[in-house]
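# Structure at a glance
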Amino acid sequence: MESDYGEVLDVLGRQLTACAAGTGQLALVTGGLAAGKTHLAHAFAAHAAATGALCLTATGSAAEREMPGGVADQLLCGPRVPRETADRVARLLSAVTPQTEAPLLRRLGAELLALARQRPLVVVLDDAHLTDGLSARLLAHLRRRSAAAPVMLVLTRWDWEQPATDRVLTDLTRQPHTHLRLAPLTGAEVTGVLAAATTPEYAREHAPAVHRATGGNPLLVHALAEDHRALGPGLPPAPHGLPHSGPAHAQAALSCLTRWDGALLTTAQGLAVLDTAATAPLLAEVTGLAPATVGRALNTLTAAGVAEGPRLRHPALHTAVRTTLTDEEAARLHSGAAAALQHRGADPVAVARHLLAARTGDERAVGVLETAAARAAEHGDLAFATRCLELAVRLSPDPRGRDGLRRRLARTLWQTDPAAADRRHAADRTALTRGELPPRHATGPLKHALWQGDQETVREALRARAGLPQERRDPRTEAELRLAHRWFYGTAVLRETGAEPPDGRGARVAAEDLWSRAVDAVCDSASATSGRTAVAGAEHLLESCRPGETFLEVALAALFALLRGDRPDLAAAWSDRLHEQAVRGSWTTWRAALGAVRADLALRRGELAVATERARACLGLLAPQSWGVLRAYPLATLVSAATALGDTEAAEEAVRQLPSDTLPVSVWSLRFLCARGRHHLDADRALAAAEDFQRCARLAREAELDVAELAPWRTGLAEVNLRLGRTVIARDLAKQQLERTRGAGGGTRGAALRVLAATADPAQRPGLLRSSAELLEAAGDRAELARSLADLSVALRSLGELDAARAVSWRAAQEAKFCRSTAGGSYPPDRAAPVAVPPGGGEPDRAEVPVLSDAEGRVALLAARGFSNRDISEQLFITVSTVEQHLTRVYRKLGVSGRRALPELLPLPRLQSA
């Protein structure tokens, strides 16, 4: 029966009283590892000495277990024994031989009984299971002769199932004795220990978790309390619901494992390696221990609070136990675990984890690693899939199979580190340029060459594919490659290699393949006059896109087709959805690319700070060499946003990150040139701006990649010429931009109309600028809208329409305030830019324009749309009096006398004509 610490001390105290009365006593105290037996032995020895008894103590030791008389020497040669007695015992022990053992036991027993005649004798032996044989026989000899003597023996030992030949118990415990089993600490006792060692608050909150993590083992409880004191309060809850573990807990657990024979530590090592897969039979097979030994060890570890069945109780113990393994030992255990689990038909992912930890295997492991990699990739664990494939490549004995694994590894690596994937494609790329690579293997290096802008490899691959018979060509792959190249690199190379027919319609290799047909529609929209016809096809593609499965450039082209088709709302929704999937699945390359799209969309909405944040975040996801040509895209967004914010230093820093003379020609590099040109223009470097825009024009034409919405170099070059006083050239360029975007709407046409207005007669400017503002407002581009409104205010002022000019100026200031933009309009520096003033008259005031509260804005907007005060109160669920109070404040802030002035000031669905 188990007893708690206090109950055991009480029983021992009563036995001590009986001993003092002349009745010999024998008590055996057992318990789990570190259950408090040693503490109890010391406490009772101190109590016995305090009562006047002669208390002799000793501790069994594995190091002295084979030393005859080691414990006897501790008992009879210690400081509490008279000097002459100790000297006699020392001489006797030094001369012991097997032949003299019997008389020696009689002499030593007599010495002990002689000591007991003077006062009660108490012998306390801790860790009795580690006693040497001679000392054990001495204690048994003493017990047989002390039934009527004031002698008390107290032995402590672990609850380790001993064989029948145990040298302490086989003889000694045949005699009358009291067996006391020390129970683990109860929950209440754990609370008390923690309260004394830490704080009452910590004890109340964490005692149940500490008890669960230690099984009530006092040593482990005290260790966790020590770790809490060292780590300090305020730590967030551990994810596993158990207390935080530190060095003290780990060391205490290891001390439990190393105080008995090696079976305990070996079993714990097996538990740490097998983790949740551990069972007693599997432990025996992996560790090489006998099943019976494993069973005893698991029982002992469970009683000690280190384990709970075939599981270590605390996750931190896995790490602590693994530190006891050398690299070779760990590899052996993991290799054994992999073989045993594979033989039992375990989950390939579980087997693969052990193979990776062992860093070795045989050819049978290759299939397991392949399957595990596929399953891991499905769940987005690309790092694990990569490691599986790397080991499979190393273990594969078949050259052809190894090449297939290497290509699969390259595809997987590309999802997280395209630069690393490029190294895996090196052999195929070399074979491709020599014409030695079979066409069926050319897709991987071709896709990567597109990512890197390696046009030579692209040419070779396209030529090789063009020579394939129709039946050997995959329609979907053909369509995807053509789409990627046409949207982002133009059609020049496609025509040169025969991948693009002269009519520019693309190779319709599978008219019944719905995917290919949707790809073809989006492909054609890259060079069509309007992109609206491709919106449905783009959505069909995006509905089927999955990160890691679809060609990333297909998703990007579909998103760009939505932008070109005047559906930025759809582009934003789809990019957000795909980005969320990429984040959940750890598809880093997709996440980075879609982050660049989301940054661009924020820029197009005039959310300049958001665009900057997103661009910088996505750039941090991949190393510069892994971005390929796409790196120019987020950098272009950074340059554009910084320019619009007036942050010249940030724009210059972004420009320096990408020397343009090394850029392969792509839609991304063209966008970067346009962004840099705009930055030069705003910094009054008109000639540098002209050079960038002209270079963009030349490269776009050579590559047949002149998509006005994606690289609006004509608008930029028109602004340069306008700045230089070349009005006629500026007008022609602006008209060309409008002609190339015929049938489209949105920001591109709005910006071109703004520039065209600057070249028109003063009387024509307001109409052009109102049209520009309407398009920009519909597109949601508030930064460009602020520029057009600023120009409109100047145009109205020049015609003497001062009230309207003030109203539009106020609106321009509000839009610029939203965007945090400092950019002005299109007028050359010698023309006065508008100043934001309240529209009620008076001198221009450069102080900040008052901003309406949310409630005031809602009321003012409805009033501007013609609703009565009662209508407004019913729509907003407020009283008419509240409506009147809001309107009074609105009029005061805006400097107007009544609601008739509101339509010119507030953002209605379409700007009101003057």
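Residues numbered from 1 in each chain as written. Predicted model: local features only at pLDDT ≥ 70, side-chain atom pairs only at ≥ 80, totals over all residues. Heavy atoms only, no water.

## Quick word on the overall build of the protein chain
Rules: Each helix is a run of DSSP H or I of at least 4 residues and each strand a run of E of at least 2, with the numbering of both proceeding from the N terminus. Contact between two residues is taken to exist if any of their heavy atoms lie within 4.5 Å; hydrogens are not considered. Here the accessible surface of atoms and residues is derived via Shrake-Rupley with a 1.4 Å probe, and residues count as covered only by protein chains that are part of the display.
The helix and strand tally for the protein chain stands at 46 helices and six strands. Nonlocal contacts in the protein chain, meaning residues at least 24 apart in sequence, comprise 68% of its contacts between residues at least 6 apart. Surface summary for the protein chain: the accessible area is close to 39,100 Å², and the carbon and sulfur share equals 52%.

## A few points about the nonpolar core
Short version of the rule: In this description, a nonpolar core means a group of buried Ala, Val, Leu, Ile, Met, Phe, Trp, Tyr and Cys residues linked to one another through side-chain atoms lying within 4.5 Å. Under the scheme applied here, a residue whose accessible area is under 20% of the maximum for its type counts as buried, over 50% as exposed, and between as partly exposed, the area being computed with a 1.4 Å probe on protein chains only.
Ranked by size, the top nonpolar core spans 178 residues in total, and within it L301, V306, L483, W487, L541 and W668 carry the most contacts. With 11 residues, helix α29 (residues 552–564) is the single largest residue contributor to this core. Sequence-distant contacts of W487, that is, excluding residues within four places in its chain, are made with V522, C523, S525, A526, A557, F560, A561, R564, V667, L705 and L710. Core analysis: the second largest hydrophobic core is formed by 35 residues, L113, A140, L142 and L155 among them.

## A few points about the pairing of strand β5 (residues 151–158)
Put simply, the rule reads: Two strands qualify as a pair provided DSSP detects at least 2 bridges between them. Handedness is read with the strands pointing away from the viewer; a crossover is right-handed when the path from the first strand over the helix to the second is clockwise.
The element β5 is largely enclosed, with a buried count of eight among its eight residues. Of the two faces of β5, the one carrying V151, L153, L155 and R157 and the one carrying M152, V154, T156 and W158 are both buried. For strand β2 (residues 25–31) and β5, the ladder comprises seven bridges, and the chain directions are parallel. Bridging from a neighbouring strand, L28 pairs with L155 of β5. For the segment spanning strand β4 (residues 121–126), helix α6 (residues 133–144) and β5, crossover handedness is right-handed.

## Things to note about helix α31 (residues 588–604)
Test applied: Expected helix span is computed as 1.5 Å times (number of residues minus one).
Given a rise of 1.5 Å per residue, 17 residues ought to cover 24 Å, and the 24 Å separating the end C-alpha atoms of α31 matches this to within 8%. Directly beyond the C-terminal end of α31, a positive phi value near 85 degrees is found at G606.

## Re the packing of aromatic side chains
The description of an aromatic ring pair uses the distance of the two centres, along with the angle that the planes make with each other. The criterion, for reference: Two rings belonging to Phe, Tyr or Trp (six-membered ring only in the last case) form a pair when the distance between their centres is within 6.5 Å. Interplanar angles under 30 degrees mark stacking, angles over 60 mark edge-to-face geometry, and anything in between is tilted. Definition used: whenever NZ (Lys) or CZ (Arg) falls within 6 Å of the ring centre and also within 35 degrees of the ring normal, the charge is taken to sit over that ring.
Tallied over the full model, the rule gives seven aromatic pairs. Aromatic pair F488 and F560: ring centres 6.2 Å apart, planes at 90 degrees, arrangement edge-to-face. Residue F488 is found in helix α25 (residues 475–488), and its partner F560 is found in helix α29; the two are separated by 72 residues along the sequence. Through successive ring pairs, a cluster of aromatic residues spans W487, F488, F560, Y633 and W668. Note that R353 overlies the ring of F384, its terminal NZ or CZ placed 4.3 Å from the centroid. Sitting over the face of the ring of F818, R782 holds its NZ or CZ atom 3.7 Å from the ring centroid.

## Concerning the packing of helix α40 (residues 746–759) against helix α41 (residues 765–779)
This is how the line gets drawn: A fitted line through C-alpha atoms serves as each axis, taken over the contacting stretch for helices, and the angle formed by two N-to-C directions is quoted from 0 to 180°. Orientation is classified from the angle alone, with under 35 degrees giving roughly parallel, over 145 giving roughly antiparallel, 65 to 115 giving roughly perpendicular, and any other angle giving oblique. Each helix crossing is assigned a hand: it is left-handed if the near helix lies turned anticlockwise from the far helix by less than a right angle, otherwise right-handed if that turn is clockwise. In this classification, Asp, Glu, Lys and Arg are treated as charged, Ala, Val, Leu, Ile, Met, Phe, Trp, Tyr, Cys and Pro as nonpolar, and every other residue, Gly included, as polar.
In the contact formed by α40 and α41, the axes pass within 8 Å of each other and the chain directions differ by 160 degrees. Classified by the angle their axes make, α40 and α41 are roughly antiparallel. The interaxial crossing formed by α40 with α41 has left-handed handedness. In contact with G746, G747, R749, G750, A751, L753, R754, L756, A757 and A758 of α40, α41 contributes R765, L768, L769, S771, S772, L775, L776 and A779. In the contact of α40 with α41, the residues fall into 10 nonpolar, five polar and three charged.

## A closer look at the confidence of the model for the protein chain
We apply this condition: For every residue, the predictor states its confidence as a pLDDT score lying anywhere from 0 to 100.
Across the protein chain, pLDDT averages 85, with 89% of residues at or above 70. Segment residues 503–511: pLDDT under 50, and 21 contacts once partners within four positions in sequence are set aside and those in other chains are kept. Between residues 908–914, whose pLDDT stays under 50, and residues either more than four places distant or in other chains, the model counts 22 contacts.

## Some thoughts on the environment of E884
Mapping E884 onto the fold places it in helix α46 (residues 880–894). A C-alpha to C-alpha distance of 9.8 Å links E884 and R870, two positions 14 residues apart in sequence.

## Quick notes on unusual backbone geometry
Phi at D566 takes a positive value of approximately 65 degrees, unusual for a residue other than glycine. A positive phi angle, close to 65 degrees, is found at D684, a residue other than glycine. Tracing the backbone through its elements, the reader meets D684 in the loop between α36 (667–682) and α37 (686–702).

## Topic: the side chain of Q415
Mapped onto the elements of the fold, Q415 is located in the loop between α20 (399–414) and α21 (418–424). We classify Q415 as buried; its relative accessible area is 10%. Q415 has contacts with L382, G548, W587, T588, T589 and W590, leaving out every residue within four places of it along the chain.

## Points about α36
Its 16 residues place the ends of α36 23 Å apart at the C-alpha level, agreeing with the 22 Å of an ideal helix rising 1.5 Å per residue. Of all the 16 residues making up α36, 15 are buried; the element is thus mostly covered by neighbouring parts of the structure. Just downstream of α36, D684 is the residue with a positive phi angle, here 65 degrees.

## Overview of the environment of S516
For S516, the position within the fold is in helix α27 (residues 514–525). For S516, a relative accessible area of 2% gives the class buried. Each C-alpha atom of the pair S516 and R476 lies 5.6 Å from the other, and the pair is 40 residues apart in sequence.

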